[in-house]
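Residues per chain, in single letters:
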Amino acid sequence: MALFSSLTPVFIAIICVLIGVILKKTSGGKEKPETKSKPASRPWIDEDLKDGTDHHLEEEEVDEEWQGLDENVAHVPFFVERYSEAEMIKRSQTFYELLNKRRSVRFLSDEPVPREVIDNVIRTAGTSPSGAHTEPWTFVVVQDPDLKHKIRETVEEEEEINYKKRMGDRWVNDLKRLRTNWIKEYLDTAPYLILIFKQVYGRLPNGKKKTHYYNEISVSIACGILLAALQNAGLYTVTTTPLNCSPHLRALLQRPANEKLLLLLPVGYPKKDATVPVLTRKPLEDIMVVM
């Protein structure tokens, strides 16, 4: 009996330790924060180009009840000309052959281009579909020589840094075969520069922010239609994405803070001695899957 009473404190201590270990194990799993792998560094990504659809707008500025959209949009019968199968095949083949001639041209002439043509191709781009029909695009057309040169200076300054520091050896080496660098003479010589801005959000008449759904996808589709319209009109361009230039160019062109530069297109006729690299496009079986 004396032995049992002397061992009791030891048993109690052991039980307390065991209980403490069990509680620590059960609570430790809940308290331990989840460790997430650090995302890979991508220095070539321009933060200003990221899609703003998921940006959380300030609560005091959001109007949850009204987005400036008509609640009851009238619907009318849709009539369209329907082609015969033979005509459809012919038209699709002709359009393919036209766009298959499209090339990125970096040697553009300063020969004047009718302004009406530029108006029409941008009208065409404006027919693009957009999220909730918000039409989140702005096409800035620059023809003033001094302003074009300022744009060139801004782009070349950042592009030189991109080539030497941000892009990395792999990207720079991949571009060598295309003979590209940070010198952008075509920004001076092209009769027009078209800068396409995506509107990350809009403004309602009451001053509150209006969400622009899928703004980057919508504007990207409009850019594709614009390229097709330019090709159809006999004009050429090279798609340029001037990384880290958006804030400077937005200020230079006096655009509002809700607009982010997505693409810059110099537009004109090719020079008589213009060259393009010899490239091939993937065959249909490599880009289409039929289920």
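Residues numbered from 1 in each chain as written. Predicted model: local features only at pLDDT ≥ 70, side-chain atom pairs only at ≥ 80, totals over all residues. Heavy atoms only, no water.

In the annotation of an unreviewed UniProt entry, the entry for the protein chain reads iodotyrosine deiodinase, and the organism field reads Anseranas semipalmata.

Undergrad: Honestly, the overall build of the protein chain in this entry has me stumped. Any pointers?
TA: Helix and strand counts for the protein chain stand at 9 helices and 5 strands. Moving toward the C terminus, one meets the helices and strands of the protein chain in the order α-α-α-β-α-α-α-β-β-β-α-α-β-α. Here the contacts in the protein chain between residues at least 6 apart in sequence split such that 83% fall between residues at least 24 apart. Carbon together with sulfur atoms contributes 56% to the accessible area of the protein chain, which is approximately 20,400 Å² in total. (Helix = DSSP H or I, 4+ residues; strand = E, 2+ residues; numbered from the N terminus. Contact = heavy atoms within 4.5 Å. Areas by Shrake-Rupley, 256 points an atom, 1.4 Å probe, with all protein chains shown as cover.)

Undergrad: Which parts of the structure should I look at to understand the sheet that holds strand β5 (residues 259-267)?
TA: Neighbouring strands of a sheet are bound in pairs by backbone hydrogen bonds; such pairs are parallel or else antiparallel. Here 3 strands make up an open sheet; going across it, the order is β1-β2-β5 and the pairing antiparallel. What marks the edges here is a single partner per strand, and that holds for β1 (137-142) and β5. In this sheet, neighbouring strand axes are inclined to one another by 20° on average, regardless of whether the strands run parallel or antiparallel. Alignment of β1 against strand β2 (residues 192-199), held across 6 bridges, turns out to be antiparallel. Each residue of the ladder has a partner; that of T138, found in β2, is F197. (Pairing = 2+ DSSP bridges. Axes fitted to C-alpha atoms, helices over the stretch in contact; angles between N-to-C directions.)

Undergrad: It is not clear to me how the packing of helix α2 (residues 85-100) against helix α7 (residues 215-232) should be interpreted in this structure. Could you clarify?
TA: Two quantities define a packed helix pair, namely the angle between the helix axes and the distance between the axes. Following both chains from N to C, one finds α2 and α7 inclined at 90°, their axes separated by 9 Å at the closest point. Between α2 and α7, the angle is such that the two are roughly perpendicular. For the pair α2 and α7, contact is made by F95, L98 and L99 and by A228, Q231 and N232, respectively. (Parallel < 35°, antiparallel > 145°, perpendicular 65-115°, else oblique.)

Undergrad: Would you take a moment to explain the pattern of salt bridges for this structure?
TA: Working definition: two side chains of opposite charge can pair if their charged atoms are close together. The tally for this structure, following the rule as stated, stands at 6 salt bridges. Between E185 and K271 there is a salt bridge whose closest N-O contact spans 3.5 Å. Here E185 is found in the loop between α5 (168-176) and α6 (186-189), whereas its partner K271 is found in the loop between β5 and α9 (284-287), with 86 residues between them in sequence. Residue classification places K271 among the partly exposed positions, given a relative accessible area of 28%. Put simply, E216 and K198 hold a salt bridge, and the shortest N to O gap is 2.8 Å. With a gap of 18 residues between them, E216 in helix α7 and K198 in strand β2 connect regions that are remote in the sequence. (Salt bridge = Lys/Arg side-chain N within 4 Å of Asp/Glu carboxyl O. Buried < 20%, exposed > 50% of the residue type's maximum accessible area, 1.4 Å probe, protein only.)

Undergrad: Sorry if this is basic, but what is going on with the environment of E157 here?
TA: Relative to the elements of secondary structure, E157 occurs in helix α4 (residues 145-166). Residues E157 and C245, spaced 88 residues apart in sequence, show a C-alpha to C-alpha distance of 9.1 Å.

Undergrad: Would you explain the side chain of T240 in this entry?
TA: Here T240 shows up in the loop between α7 and α8 (246-252). For T240, a relative accessible area of 13% translates into the label buried. In terms of polar contacts, T240 uses its side chain to reach the backbone carbonyl oxygen of L264, at 2.5 Å. (Polar contact = N/O pair within 3.5 Å; in protein donor to acceptor, adjacent residues only side chain to side chain.)

Undergrad: Explain the nonpolar core here, please?
TA: Note that soluble globular proteins tend to have their nonpolar side chains buried in a common cluster. Among the nonpolar cores identified, the biggest contains 22 residues, and I118, F139, I194, I196, L226, L265 and V267 are the most heavily contacted of them. If we ignore the near neighbours within four places in the chain, the residues touching V267 are L108, I118, A190, P191, Y192, I194, L230, L235, Y236 and T237. With 18 residues, the next largest nonpolar core counts V142, F197, L249 and L261 among its residues. (Core = buried A, V, L, I, M, F, W, Y, C linked by side-chain atoms within 4.5 Å.)

Undergrad: I keep staring at a nonpolar patch on the surface and nothing clicks. Help me out?
TA: Nonpolar side chains collect at one region of the surface, where Y213, Y214, I217 and I221 lie side by side and expose about 390 Å² of accessible area between them. With respect to the element layout, I217 can be found in helix α7. (Patch = residues over 30% accessible without salt bridge, like charges linked within 9 Å, V, L, I, M, F, W, Y side chains within 5 Å.)

Undergrad: When you look at the pairing of β5 in this model, what are you seeing that I'm missing?
TA: Moving residue by residue along a regular strand, the side chains alternate between the two faces of the sheet. In terms of residue burial, β5 counts as a mostly covered element, since 9 of its 9 residues are buried. Pairing of β2 with β5, which is carried by 8 bridges, proceeds in the antiparallel orientation. By the bridge assignment, Y192 is partnered in β5 with V267.

Undergrad: Got a minute to help me understand the pairing of β2 in this structure?
TA: Where burial is concerned, most of β2 is hidden: 8 out of the 8 residues are buried. Residues Y192, I194, I196 and K198 of β2 are buried on one face, and the alternating residues L193, L195, F197 and Q199, pointing to the opposite face, are buried as well.

Undergrad: Would you mind going over α7 with me for this structure?
TA: Structural remark: α-helix, 3.6 residues per turn; residues separated by three or four positions point the same way. Between its first and last C-alpha, α7 extends 26 Å over 18 residues, near the 26 Å set by a 1.5 Å rise per residue. Taken residue by residue, α7 has N215, S218, V219, A222, C223, L226, L227, A228, A229, L230 and Q231 as its buried positions. Elements that come into contact with the buried residues of α7 comprise α2, α3 (115-125), β1, β2 and β5. The first or second residue beyond α7 is G234, which carries a positive phi of 85°. (Expected span 1.5 Å × (residues − 1).)

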